[in-house]
Amino acid sequence: HQFTASNPLFNSAWGFLYGGINTCNRLIYQFESLDTPAADAFIAELRAVRALWYYWALDAFGNVPLVVDFTNTEKPVTTSRAAIYAFVESELNAVIPILPTAKDASTYGRMTKWAALAMRCKLYLNAGVFVGAPQWQKAADDANNIINNGGFNLEGSYKANFAVNNAGSKENIFVYPYDKV
């Protein structure tokens, strides 16, 4: 396929991805400006979310600009797919030990260790395409960590995952249901 830069589908995708990256960069900058230990947990979550945005950019476009400094006004240069892969892996490696492990109302809709491990697992599953070197064992290690330590279970019915009100799904890794009162 041949696509041009003016294709509205790709322009929308690009704007969506870099809008998310820019928002993460801005919020990280603002939390760092607070210079308080309480901000560290939020910064870790934002770094994981930014890694997710970069994962999607890596997957969709390959070589993309790597922008992490919100104050930099220079036109960014394109970064190789391998460097973006390394950045995503590095960010996830750095924040996974910091992210919360709880699966309750306190982490509903928030980035947790389990979500970051699932992202890194997916990154490793695609390493053969992204950097030319499969990372099967690393993907298996992350998956086993989630399976053995995350407390997730398969639903009894496959259709339960696609129900309109599936917030109580035992399979949700990126979000987890509120505790029932």
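What counts and what doesn't
- Residues numbered from 1 in each chain as written.
- Predicted model: local features only at pLDDT ≥ 70, side-chain atom pairs only at ≥ 80, totals over all residues.
- Heavy atoms only, no water.
- Helix = DSSP H or I, 4+ residues; strand = E, 2+ residues; numbered from the N terminus.
- Buried < 20%, exposed > 50% of the residue type's maximum accessible area, 1.4 Å probe, protein only.
- Contact = heavy atoms within 4.5 Å.
- Lys, Arg positive; Asp, Glu negative; His and termini not counted.
- Charge placed at Lys NZ, Arg CZ, Asp CG, Glu CD.
- Salt bridge = Lys/Arg side-chain N within 4 Å of Asp/Glu carboxyl O.
- pLDDT = per-residue confidence, 0-100.
- Axes fitted to C-alpha atoms, helices over the stretch in contact; angles between N-to-C directions.
- Parallel < 35°, antiparallel > 145°, perpendicular 65-115°, else oblique.
- Left-handed = near helix turned anticlockwise from the far one by under 90°.
- Nonpolar A, V, L, I, M, F, W, Y, C, P; charged D, E, K, R; others polar.
- Phe/Tyr/Trp six-rings, centres within 6.5 Å; stacked < 30°, edge-to-face > 60°.
- Core = buried A, V, L, I, M, F, W, Y, C linked by side-chain atoms within 4.5 Å.

**Examining the overall build of the protein chain**
Right, on to step 1. Within the protein chain, the regular secondary structure consists of six helices and two strands.
Right, on to step 2. The linear arrangement of helices and strands in the protein chain, starting from the amino end, is α-α-β-β-α-α-α-α.
Right, on to step 3. Each of the three principal axes of the protein chain carries a C-alpha extent, and together these read 50 × 45 × 35 Å.
Right, on to step 4. Here the protein chain holds 181 residues, and the buried ones make up 33% of them.
Right, on to step 5. Excluding contacts between residues fewer than 6 apart, the proportion of contacts in the protein chain whose partners are at least 24 apart in sequence is 56%.
Right, on to step 6. The protein chain carries 14 positive and 15 negative side-chain charges, and their two centres are separated by 6 Å.

**Focus: the environment of A163**
Right, on to step 1. Tracing the backbone through its elements, the reader meets A163 in the segment after α6 (136-149).
Right, on to step 2. Sequence spacing of A163 and L27 is 136 residues, and the spatial spacing of their C-alpha atoms is 34 Å.

**Re the pattern of salt bridges**
Right, on to step 1. Summed over the entire model, instances satisfying the criterion amount to five salt bridges.
Right, on to step 2. Between E91 and R47 there is a salt bridge, and its shortest N-O distance comes to 2.8 Å. A residue pair is termed long-range when its members are at least 10 positions apart, and E91 in helix α3 (residues 81-95) and R47 in helix α2 (residues 39-61) qualify at 44 residues.
Right, on to step 3. With a shortest N-O distance of 2.9 Å, R50 and E91 are connected by a salt bridge. Of this pair, R50 sits in helix α2 while E91 sits in helix α3, and the two are 41 residues apart along the sequence.

**A word on the confidence of the model for the protein chain**
Right, on to step 1. Per-chain confidence: the protein chain averages 90 in pLDDT, with 94% of residues scoring 70 or above.
Right, on to step 2. When pLDDT is averaged over each helix and strand of the protein chain, the minimum, 94, is found for helix α1 (residues 8-34) and the maximum, 98, for α3.
Right, on to step 3. Note on residues 176-181: pLDDT under 50 across the span, and 17 contacts to partners over four residues away in sequence or across chains.

**Thoughts on the packing of α2 against α3**
Right, on to step 1. Contact geometry of α2 with α3 gives a least axis separation of 9 Å together with a crossing angle of 155°. The angle between the axes of α2 and α3 places the two elements in the roughly antiparallel class. Crossing handedness for the pair α2 and α3: left-handed. Touching A44, R47, A48, R50, A51, Y54, Y55, L58 and D59 of α2 are R81, I84, Y85, F87, V88, E91, L92, A94 and V95, all from α3.
Right, on to step 2. By residue class, the composition of the contact of α2 with α3 is 13 nonpolar, no polar and five charged.

**Comments concerning the side chain of T112**
Right, on to step 1. The residue T112 is located in the loop between α3 and α4 (113-125) in this model.
Right, on to step 2. By relative accessible area, which is 5% here, T112 ends up buried.
Right, on to step 3. Discounting chain neighbours no more than four positions away, the residues touching T112 are L99, P100, A102, T107 and I173.

**Let's talk about the packing of aromatic side chains**
Right, on to step 1. Summed over the entire model, instances satisfying the criterion amount to 12 aromatic pairs.
Right, on to step 2. Residues Y55 and F130 carry aromatic rings whose centres are separated by 5.7 Å and whose planes lie at 75° to one another, so their mutual orientation is edge-to-face. With Y55 in helix α2 and F130 in helix α5 (residues 127-130), the pair connects residues that are 75 residues apart, well separated along the chain. For the pair Y55 and F130, a shared accessibility class is recorded, and that class is buried.

**Re the nonpolar core**
Right, on to step 1. Within the largest apolar cluster, 40 residues are counted, with the highest numbers of intra-cluster contacts made by Y54, L58, Y85, V88, L92, L99 and L123.
Right, on to step 2. Those elements that place two or more of their residues in this core are α1, α2, α3, α4, α5 and α6.
Right, on to step 3. If you tally residues by element for this core, the top one is α2, at 12 residues.

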